[in-house]
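Chain by chain, the residues run as shown.
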Amino acid sequence: MKSPFAATPAVKIPLQSQFDERLKSPIALRLNPPPPVSHVFDSVMSTAITGILAREALSEIIGHHRWCGTEADRRAGADLCASRLGYRADEARIVLTSSTQSTLNMLIPGLVGAGGILAVDELTYPPIKAFAARYGAKLAPVRMDDDGMIPDAFRQVCRTHRPKALYPLSTLQNPTTVTMSLERRKTIAEIAREFGVSIIEDDIYSLIPRNAPTPLSALAPENFLVSARVGQECGAGNESSLCRCAVQGGCGEPVLAGSPGYVLDDGTS
């Protein structure tokens, strides 16, 4: 008998046809939806979810919280982070959350706090302003050029405002799409180290370029927390997040949280 959860073969629709179909509808400029890749995404995620349900009953999966991720989640997360950091992080310091926004809602009050200063690019990920306001933190914008955050400007912000943390998007920065050079990253990391500034690096888009530069967080491992989103590159509603850090807390929705780990273990990624 065929399982009701069996994956349905994806219909391959030419990418150009998918773009053409999308252009027939109004474009929501307040969103940044990823390119339509249903011919890849549907098959991979169907297989992952089918595999998860084959391992454990659904009632068991959703019957408990996935605090900080299971051992398998953390192991897969450490493997993924190793591909970016250049070394394999301690699994005990890998935390799985439901999204990077969830991660930021823990890190900002924990690291910056009410009245504290968070340094950001002068053009930065829009929700950061709301997150900071929610917890009484203040933002200190750092001037940018064609290579991203300007080191001298960051140093000046550190001297003047004494930020407790820096929130950078070093690869395909949102909203400018700038990718910071490796030399610039080394300088920014050194300044952060000099002033004792923690780095909350949003590494969401680093899996898109074939040869993304080494993340800032790998250049200053003693004072960074890196958040790598898993899944949103293909769909905003399929997001989980991995945070390499010293603090622990948070959990992810069980089925979506398990699917990235399944894909990573399966070797599909």
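Higher on the page you've got the structure.
In short, a report on the structure.

What counts as what
Residues numbered from 1 in each chain as written. Predicted model: local features only at pLDDT ≥ 70, side-chain atom pairs only at ≥ 80, totals over all residues. Heavy atoms only, no water. Buried < 20%, exposed > 50% of the residue type's maximum accessible area, 1.4 Å probe, protein only. Helix = DSSP H or I, 4+ residues; strand = E, 2+ residues; numbered from the N terminus. Pairing = 2+ DSSP bridges. Right-handed = clockwise from strand over helix to strand, strands pointing away. Arc of directions from axis to C-beta. Contact = heavy atoms within 4.5 Å. Expected span 1.5 Å × (residues − 1). Core = buried A, V, L, I, M, F, W, Y, C linked by side-chain atoms within 4.5 Å.

### Focus: the pairing of strand S2 (residues 117-121)
Taken across its 5 residues, S2 has 5 buried, putting it largely inside the fold. When S2 meets strand S3 (residues 138-142), the two strands line up parallel, connected through 5 bridges. Its bridge partner being in S3, Leu118 is matched across the sheet by Leu139. Handedness of the S2-helix H6 (residues 127-134)-S3 crossover: right-handed. Sheet topology places S2 next to strand S6 (residues 165-167); 3 bridges connect them, and they run parallel. The partner of Leu118 across the bridge, within S6, is Ala165.

### Things to note about H6
Considered for burial, the residues of H6 that qualify are Ile128, Phe131 and Ala132. Mapping the buried residues of H6 onto a view down its axis gives an arc of 95°, with all of them on the same face. What points out from H6, more than 90 degrees from its buried face, is the exposed set Lys129, Ala133 and Arg134. Among the structural elements, helix H5 (100-112), S2, S3 and S6 are those in contact with the buried residues of H6. Positive backbone phi, at 75°, marks Gly136, one or two positions downstream of H6.

### Quick look at helix H4 (residues 71-85)
A rise of 1.5 Å per residue sets the reference length of H4, with its 15 residues, at 21 Å; its end C-alpha atoms lie 20 Å apart and thus fit the reference within 8%. Within the sequence span of H4, burial applies to Asp73, Arg74, Ala76, Gly77, Ala78, Leu80, Cys81, Arg84 and Leu85. Phi for Gly86, located one or two positions after H4, is positive at around 90°.

### Focus: the pairing of strand S7 (residues 198-202)
Of all 5 residues that make up S7, 5 are buried, and the element is covered over most of its length. Neither face of S7 is open: one carries Ser198, Ile200 and Asp202, the other Ile199 and Glu201, and all of them are buried. Where S6 meets S7, 2 bridges bridge the pair, whose relative direction is parallel. Counterpart to Leu166 in the pairing with S7 is Ile199.

### Remarks on the nonpolar core
Counting 21 residues, the largest nonpolar core has Val142, Met149, Phe154, Leu166, Ile188 and Val197 as its most contacted members. Counting residues per element, the ones that place at least two in this core are S2, S3, helix H7 (151-161) and helix H8 (182-195). The element contributing the most residues to this core is H8, with 5 residues. When sequence neighbours within four positions are dropped, the list of residues in contact with Val142 reads Ala119, Val120, Asp121, Glu122, Met149, Ile150, Ala153, Phe154 and Val157. Among the nonpolar cores identified, the runner-up in size contains 15 residues, and Leu107, Ile108, Ile128 and Tyr167 belong to it.

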